[in-house]
Amino acid sequence: MFERLELIIGDKVEAIKNKSVLIIGLGGVGGYALEAIVRSGISKVIIVDYDIVDKTNLNRQILALNNTINLKKVDVAYDRIKAINPDCEVIKIDKLIKPDNIELLFEHNIDYLIDACDTVETKKQLIRECVKRKIKIISSMGTGNKLNPSLLKITDIRKTSYDPLAKIIRKMVKDERIKDKIMVVSSIETPIKTENNKIGSNAFVPAMAGLLCASYVINDILGCDNDK
């Protein structure tokens, strides 16, 4: 099934197949990251989410269809992965991950971690754990209230701007004197102000963020330059 990919990367497809990727958060960002990871040949994925598909997800989440509403996201994701590649090994973690139970993620062998979760403290702890364990992480910053997907980029957290979430993570990295590069997907677009500060979203900015997360993982495996 990977003939078209082999045309551009040759036998490096095998290097991709031998890696394992954990994706935490299967919403607008994580769903598209998962889609691209599986279609790129990763043979083992660990999917983490505790939520169900809601009708409000229909405008932006690849797992959200009218016939998947009220189903567990990890179950919908499992079925989709197997429909794409039946040989892909899938581990489901149907739990709300917080700093006090985050250790259970690392009971599994992980080469790369894609952080598409929404909880700030969990994002911080994921970075700490990955740095400690020498696991490569790519973390999605804020995609809400933004309209221009071309303003997203892969960069070190220290080079981010105009992103309120990135500002919080950047401060943590500085305060804790973390020396490692912390790669993120972040937008330089100024968030749109909305009524009552509610977070709006669309079909293309979260999707692009997820695809960029996946591209970081695949290009890193291939030895391509991800350092922007």
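Residues numbered from 1 in each chain as written. Predicted model: local features only at pLDDT ≥ 70, side-chain atom pairs only at ≥ 80, totals over all residues. Heavy atoms only, no water.

It is worth spelling out helix H6 (residues 164-175) at this point. Between its first and last C-alpha, H6 extends 17 Å over 12 residues, near the 16 Å set by a 1.5 Å rise per residue. Of the positions making up H6, those classed as buried are Leu165, Ala166, Ile169, Met172 and Val173. Mapping the buried residues of H6 onto a view down its axis gives an arc of 120 degrees, with all of them on the same face. In H6, those exposed residues whose orientation departs by more than 90 degrees from the buried face are Pro164, Lys167, Lys171 and Lys174. The secondary structure elements touched by the buried residues of H6 are helix H5 (120-133), strand E5 (136-140) and strand E7 (183-187). At the N-terminal boundary of H6, the capping side chain belongs to Asp163, with an oxygen 3.0 Å from the backbone nitrogen of Leu165. Where H6 terminates, the next one or two residues include Arg177, which has phi positive at roughly 55 degrees. (Helix = DSSP H or I, 4+ residues; strand = E, 2+ residues; numbered from the N terminus. Expected span 1.5 Å × (residues − 1). Buried < 20%, exposed > 50% of the residue type's maximum accessible area, 1.4 Å probe, protein only. Arc of directions from axis to C-beta. Contact = heavy atoms within 4.5 Å. Polar contact = N/O pair within 3.5 Å; in protein donor to acceptor, adjacent residues only side chain to side chain.)

Before going further, it helps to spend a moment on the pattern of salt bridges. Taken as a whole and judged by the stated rule, the model has 15 salt bridges. For Glu35, the salt bridge goes to Arg80, with nearest N and O atoms at 2.6 Å. With Glu35 in helix H3 (residues 28-39) and Arg80 in helix H4 (residues 73-84), the pair connects residues that are 45 residues apart, well separated along the chain. Lys136 is paired through a salt bridge with Asp220; the nearest N and O atoms lie 2.7 Å apart. Taken together, the positions of Lys136 in strand E5 and Asp220 in helix H7 (residues 205-221) put the pair 84 residues apart, joining distant regions of the chain. Overall, Lys136 belongs to the partly exposed group, its relative accessible area being 39%. Under the relative-accessibility criterion, Asp220 is labelled buried at 18%. (Salt bridge = Lys/Arg side-chain N within 4 Å of Asp/Glu carboxyl O.)

With that out of the way, let us pick up empty space enclosed by the protein. The full count for this structure, using the stated rule, is one cavity of 30 Å³ or more. Considering the residues around the largest cavity, the lining is formed by Gly31, Leu34, Glu35, Val38, Leu63, Ala77, Arg80, Ile81 and Ile84. Looking at the lining of the largest cavity residue by residue, the classes come out as six nonpolar, one polar and two charged. (1 Å grid on protein atoms, 1.4 Å probe; cavity = no way out; pocket = protein on both sides within 12 Å on 5 of 7 lines; lining within 4 Å. Points joined across faces, edges and corners; volume = space filled by probe spheres on them. Nonpolar A, V, L, I, M, F, W, Y, C, P; charged D, E, K, R; others polar.)

The space that makes up the largest pocket amounts to roughly 1,100 Å³. Considering the residues around the largest pocket, the lining is formed by 46 residues, among which Ala116, Cys117, Asp118, Thr143 and Ile199 are closest to the centre. Looking at the lining of the largest pocket, the elements that each hand over two or more residues are H3, H5 and H6. Its boundaries defined by the atoms lining it, the second largest pocket holds a volume of some 180 Å³.

Read across the sheet, seven strands follow the order E3-E2-E1-E4-E5-E7-E6 without closing on themselves; strand pairing throughout is mixed. Among the strands making up the open sheet, the edge pair consists of strand E3 (89-93) and strand E6 (152-156). On average, each strand axis in the sheet is tilted by 20 degrees relative to the strand beside it, whichever way the strands run. (Pairing = 2+ DSSP bridges. Axes fitted to C-alpha atoms, helices over the stretch in contact; angles between N-to-C directions.)

Purely spatial values, then, with no claim about function.
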